Structure formats: structure tokens, C-alpha cells
Amino acid sequence: MILTDTHTHLYSEEFDQDRHQVIQKAIDAGVSRFFIPSIDSSYTSKMYDLESQFPENIFLMMGLHPTYVKENYLDELAHVEAELEKRKFYAIGEIGIDLFWDKTFLKQQQHAFKQQIQLAKKYNLGINIHCRDAFDETFEVLESEKDEKLFGIFHCFTGNLEQANQAISLGMKLGIGGVSTFKNGKIDQFLNQIDLQHIVLETDSPYLAPVPFRGKRNESSYTLLVAQKLAEIYNVSVEEIAKITTENSKAVFGI
Ligand SMILES: [Zn+2]
């Protein structure tokens, strides 16, 4: 069984004490493919270190996270572009709009999002979308960029059924993680109305740990708990969930 964690911040400081054990534990649990979203330029060298330590398992994305879009965002976008010119990445992410923390830079967030979607198209890559308290604003940008070259993953999807279908119509798969195990997470109530071909698994570790670890540090081995929850929701085996969602992730990342 091969499980794929399509969104994990394994370079995070929270893993500085035990990163190797955390990765080995995940591999032992069947999670052997890790897709790593970028945040901003301060993490780039840490991502490369991680990749050189686990070249078979680690696959990097490049992008500027919406929460990190500030006064200097054009410099950060230039960094993204320069790295893309240098070497191979598997997606542009995480990119999008976040109005939960701060609305000051909404215009800049929209601009950065659009620019990075266009970069993804230039390099024939998928995108990895971060959207928090900003469904309308995110969909507005996506609709304006909708064409056959637009595809990717709506990471940590927490919307309703209508929003799920809209995301799918825009070429996105839904990244499902710990929230599907929360009592008030809501998505577990309609997920079985969405075909499994549109679903990929993720943890977003170290954040959003699934039940029974909710509130604790999340880690990639818990992808298995998400797979078990989906097996329950779809009434199929965990092996079937692993097989389909890993295939779906291959379609997005091209590997
Ligand atoms: Zn993330």
C-alpha cells in the first residue's frame, strides 16, 4: 500500500528534533511520497536539504504563501521565478488567498496568486491552493484563469458541496486531511457525493492533526488516519483509498 501526503511542511522547525524519525515512521506506515509546499524564500534552502536527505520520497513545490504576501512580495515572486528557472519542481504552491489573519494585502494577494497561476501554466505545472476565509476571492481569480492548462489541488478543502463542485469544475482535486475527522468539520457529511477520482490525501503537518491527535503536532504518518476515515465515508477498503488517491496525486504532480 502506497499512501501519498500531498501537503506536508516537513522542513518546519517543529520537526528539528526528530525529523528523520518522523519521516521513517511515516514510511513504515505506508506513507512514502511527500509533497512539500513552499512558504517564502526563507525556507528554500531547508527544502533543498530535506530533498537531498530523502531524494526518493521528497518532492518539492515552489511558490509564495498568501499569508507571506507583504510589502516585499514582488521580490518574493522574483525568487519563485528564479528558482523555477533553475531546477525541477512538481507544482506551484502553496498559493492563494488568506483573509483570516489580515486583509491589508488583499490586492497584492490577488496579484501574486494570478501571477503564480500564470507561472504554473508556463511550466505546465499544477497549483496547490491555500484558501482561508476567502472562497469568493479565490474563485474569482481561478475563474479568470480557467482554461485547459489550469489544474491542481485545493489544499485543506473546507467548503461545502457547491464549492467542492466549483473547485472540481476549475480543474482542482480536493486535498482532504485532518478536518475530515473533526466532529464539526462538516466535509465528512457530503464527501461521499464527490467521486473519489477528485480526492487526494494530505496532512498539512505540523498543523491540523486528525482525531485522536487533534491539537497536537501533526505528522505525515497520520495520512493513514485520514485514509481510514475516507474508507469509512466511502465504504471501501483503506487499500482502495490509498490506490485511488495516490493515482490521483500522480496525475497532478506528474510523478
Ligand atoms: Zn500548508
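Use the structure listed above.
### A look at the coordination of the zinc ion
Phase 1: The coordination sphere of the zinc ion, as far as protein atoms go, consists of His7 (NE2), His9 (NE2), Glu94 (OE) and Asp204 (OD), spread over 2.1 to 2.6 Å.
Phase 2: Considering all four donor atoms around the zinc ion, angles at the metal cover 87 to 174° and the coordination shape is irregular.

### What about the pairing of strand S4 (residues 92-98)?
Phase 1: For S4, the tally of buried residues reaches seven of seven residues, placing the bulk of the element in the interior.
Phase 2: Here S4 runs beside strand S5 (residues 127-132); their pairing, made up of six bridges, is parallel. Across the sheet, the residue bridging to Ile92 is Ile127, located in S5.
Phase 3: Crossover S4 to S5 through helix H4 (residues 106-122) is right-handed.

### Overview of the nonpolar core
Phase 1: Judged by nonpolar contacts, the single largest core of 72 residues is most densely connected at Ile127, Leu142, Phe154 and Leu174.
Phase 2: Once residues lying within four places of it in the same chain are set aside, the contact partners of Leu142 are Phe113, Ile117, Ile127, Ile129, Leu150, Phe154, Leu170 and Met172.
Phase 3: In terms of nonpolar packing, the next biggest core, distinct from the first, is built from nine residues, Phe35, Met61, Ile153 and Val200 among them.

### Overview of the side chain of Asn218
Phase 1: Here Asn218 shows up in the loop between strand S8 (199-201) and helix H7 (223-234).
Phase 2: When its relative accessible area of 0% is taken as the criterion, Asn218 is described as buried.
Phase 3: Engagement of the side chain of Asn218 in a polar contact is seen with the backbone oxygen of Tyr207, the distance being 2.8 Å.
Phase 4: Apart from residues no more than four positions distant in its own chain, Asn218 is found in contact with Phe15, Thr203, Asp204, Ser205, Pro206, Tyr207, Leu208, Ala209 and Pro210.

### Some remarks on the sheet that holds S5
Phase 1: Taken together, the five strands give an open sheet; going across it, the order is S4-S5-S6-S7-S8, and neighbouring strands pair in parallel fashion. Strand pairing shows two members of the sheet lacking a second neighbour, S4 and S8, which therefore form its edges. Strand-to-strand, the axes of this sheet are offset by a mean angle of 30°, without reference to chain direction.
Phase 2: In the packing of H7 onto the sheet, the strands contacted are strand S7 (172-176) and S8, and the crossing angle to S8 comes to about 150°.

### Quick word on the state of the cysteines
Phase 1: Inspection of every chain in the model, using the stated rule, returns zero disulfides.
Phase 2: In this structure Cys131 is not part of a disulfide, and its nearest cysteine sulfur, from Cys156, lies 9.7 Å away.
Phase 3: Note on Cys156: relative accessible area 18%, which makes it buried.

Rules and cut-offs
Residues numbered from 1 in each chain as written. Predicted model: local features only at pLDDT ≥ 70, side-chain atom pairs only at ≥ 80, totals over all residues. Heavy atoms only, no water. Donors = N, O, S within 2.8 Å, 3.2 Å for Na, K, Ca; no water. Tetrahedral: all angles 85-135°; square planar, octahedral: opposite > 155°, others 65-115°. Buried < 20%, exposed > 50% of the residue type's maximum accessible area, 1.4 Å probe, protein only. Helix = DSSP H or I, 4+ residues; strand = E, 2+ residues; numbered from the N terminus. Pairing = 2+ DSSP bridges. Right-handed = clockwise from strand over helix to strand, strands pointing away. Core = buried A, V, L, I, M, F, W, Y, C linked by side-chain atoms within 4.5 Å. Contact = heavy atoms within 4.5 Å. Polar contact = N/O pair within 3.5 Å; in protein donor to acceptor, adjacent residues only side chain to side chain. Axes fitted to C-alpha atoms, helices over the stretch in contact; angles between N-to-C directions. Disulfide = S-S within 2.5 Å.

None of this, on its own, says anything about what the molecule does.
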